[in-house]
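Listed here are the chains, written in short residue letters.
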Amino acid sequence: MAGIGLQELIRLAKIRKTLMMPVAFLIIAARIHSNYGECNQSENYHVEQFGRHVLSKLPNDTILFTSGDLSTNTFRYLTIAENVRPDVDVLDLSFIGSRWYIPMLAHHMSTVKFPGIGYSPEAPWNSRLYNLEQFLDHNLPKRPVFVCLKPRSVDMVSLRKYKVVPFSFCSQFLPNGAIDPLMYGKQIPTPDLDTYLPPRTELFGDQTWENVLIHEYWDAVVKPGRWLWDAGENTRNIEKKKQLYLAAYEYLFRTKEQITTKINEGSLSPQSWNHTSYFSKYLGVQCRQLWVHTTGRSMVPGSQGAKYNECQRKHFTDYVESAAPLT
């Protein structure tokens, strides 16, 4: 079609045949010049750097579940082609239910135990198929098992004996009771923003892998705070519930302060606030929960209730004023 269009343009412009080729080359050169900056990705190592950073944090001999092109292709390329962390076995949850996938993997991953002929998230216990919990039963005692980036909710339905705990950009499968949420809240560090920072938001379009990476990055940064909040929601002990809400608030507040410093230093793009504004939302939610369990149950003096009320007002105001589209 482009050739027909060029031929018609030359005919209408009454350009001599001897000039047709130079004109065609000029048009092509102009298109290359105008789009070269966007198409030239020879210095773009963002996805590779992200993959290397994630793999560097995993324990030895990890089994790593992935889902989606970004995590699967990145980690498989690095472990197989670049020989980065070859001790890590990468399994794609999107394909693991396919009959051809397991025989192919079993040939290369001799120490991974597949307890059946195929995977199904809701496989019954007496079938020849297996679900995620059965896979963990056969592998977790011997090897650590993680999932990056977001675990698929459909795969989590079988979990009864295990929980998913945030770990850097990934999540770790652990037996119930293996970790105390309060101890986790006291020990969890803020994100290591000095080691890895996401690409600058303004440089990449919505359909790029870099944009997916940016969203996954901020989701991973806020994930420990959400996990502590969920632990508080699922705890019946009122005092422990309040302590978990407070731990979630303190983590999110420290992290937001660290991100603000990076933005002011110029290390993070100012557009990062389009992603980090939902820190304000979660901080407001934590203050709301603390306020409810302070004033509603008379757990601490009234002045504390006033403090948490002012806290939620401030953070919700910050969130509304940021007009962030994220939820």
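Here, every reference points to the structure presented above.
Throughout what follows, the structure given in this document is the object of discussion. For every chain, the first residue of the written sequence is number 1, and numbering continues from 1 onward in sequence order. Totals for whole chains, interfaces and linings use every residue, but because this is a predicted model, local features are given only for residues with pLDDT of at least 70 and side-chain atom pairs only at 80 or more, for both listing and counting. The side-chain numbers reported here are obtained from all heavy atoms of the structure, hydrogens and water having been left aside.

### A word on unusual backbone geometry
Note that the residue after Cys148, namely Leu149, is joined by a cis bond; omega there is 0°. By secondary structure assignment, the location of Leu149 is in the loop between β5 (145–148) and α7 (153–156). Positive phi, close to 60°, is recorded for Asp61, a residue that is not glycine. Relative to the helices and strands, Asp61 resides in the loop between α3 (46–57) and β1 (63–66). The numbering of helices and of strands both runs from the N terminus, where a helix is a DSSP run of H or I of at least 4 residues and a strand a run of E of at least 2.

### Quick word on the packing of α3 against helix α9 (residues 209–233)
Put simply, α3 and α9 touch, their axes get as near as 10 Å, and they point 35° apart. For the element pair α3 and α9, the recorded crossing hand is left-handed. Residues His46, Val47 and Phe50 of α3 form the contact with α9, whose own contacting residues are Trp209, Glu210 and Leu213. For the contact of α3 with α9, the class distribution of residues is four nonpolar, one polar and one charged. Angles here are taken between N-to-C directions and fall from 0 to 180 degrees, while the axes themselves are lines fitted to C-alpha atoms, restricted in helices to the stretch in contact. Each crossing gets its hand from how the near helix is turned against the far one by less than a right angle, where anticlockwise is left-handed and clockwise is right-handed. We call two residues contacting when some pair of their heavy atoms lies within 4.5 Å. Residue polarity follows a fixed list, in which Ala, Val, Leu, Ile, Met, Phe, Trp, Tyr, Cys and Pro are nonpolar, Asp, Glu, Lys and Arg are charged, and the others, Gly among them, are polar.

### Details of a nonpolar patch on the surface
Like-charged residues are merged into a patch within 9 Å and nonpolar side chains (Val, Leu, Ile, Met, Phe, Trp, Tyr) within 5 Å, provided each residue has over 30% relative accessible area and no salt bridge. To be clear on the numbers: accessible area is Shrake-Rupley with a 1.4 Å probe, and residue cover counts the displayed protein chains and nothing else. Salt-bridge detection follows one rule: a side-chain nitrogen of Lys or Arg within 4 Å of a carboxyl oxygen of Asp or Glu. A cluster of nonpolar side chains, Met21, Phe25, Ile28, Ile32 and Tyr36, forms an exposed patch at the surface whose accessible area comes to about 580 Å². Looking at the secondary structure, you find Ile32 in helix α2 (residues 20–39). Only protein chains enter the area calculation, which uses a 1.4 Å probe; residues under 20% of their type maximum are buried, those over 50% are exposed, and those in between are partly exposed. Given the relative accessible area of 52%, Ile32 is considered exposed.

### Notes on the sheet that holds strand β6 (residues 162–167)
Pairing within the open sheet is mixed, and its five strands lie in the order β2-β1-β5-β7-β6. Only two strands of the sheet have a single partner each, and these edge strands are β2 (89–92) and β6. Averaged over all adjacent pairs, the angle separating strand axes in this sheet is 30°, with direction ignored. One requirement defines pairing of two strands: DSSP has to find at least two bridges between them. In the sheet, β1 pairs with β2 via four bridges, with the strands oriented parallel. Bridge pairing in β2 links Ile63 to Asp89. Sheet contacts for α9: β6 and β7 (170–175); angle to β6, the most-contacted strand, approximately 140°.

### Details of the state of the cysteines
Cysteine sulfurs are considered disulfide-paired once they come within 2.5 Å of each other. Evaluated as defined, the whole model comprises two disulfides. The disulfide partner of Cys148 is Cys170, and the S-S distance across this bridge is 1.6 Å. As the torsion about the S-S bond is roughly 100°, the Cys148-Cys170 disulfide counts as right-handed. Here Cys170 lies in strand β7 and Cys148 lies in strand β5, a separation of 22 residues in the sequence. Each member of the pair, Cys148 as well as Cys170, carries the same accessibility label: buried. The partner cysteine of Cys287 in its disulfide is Cys311, sulfur to sulfur 1.7 Å. Here Cys311 lies in helix α12 (residues 302–322) and Cys287 lies in helix α11 (residues 273–295), a separation of 24 residues in the sequence. With a relative accessible area of 1%, Cys287 lands in the buried category. For Cys311, a relative accessible area of 15% corresponds to the buried category. If one numbers only the bonded cysteines of the protein, in the order they occur, the disulfide pattern is 1-2, 3-4.

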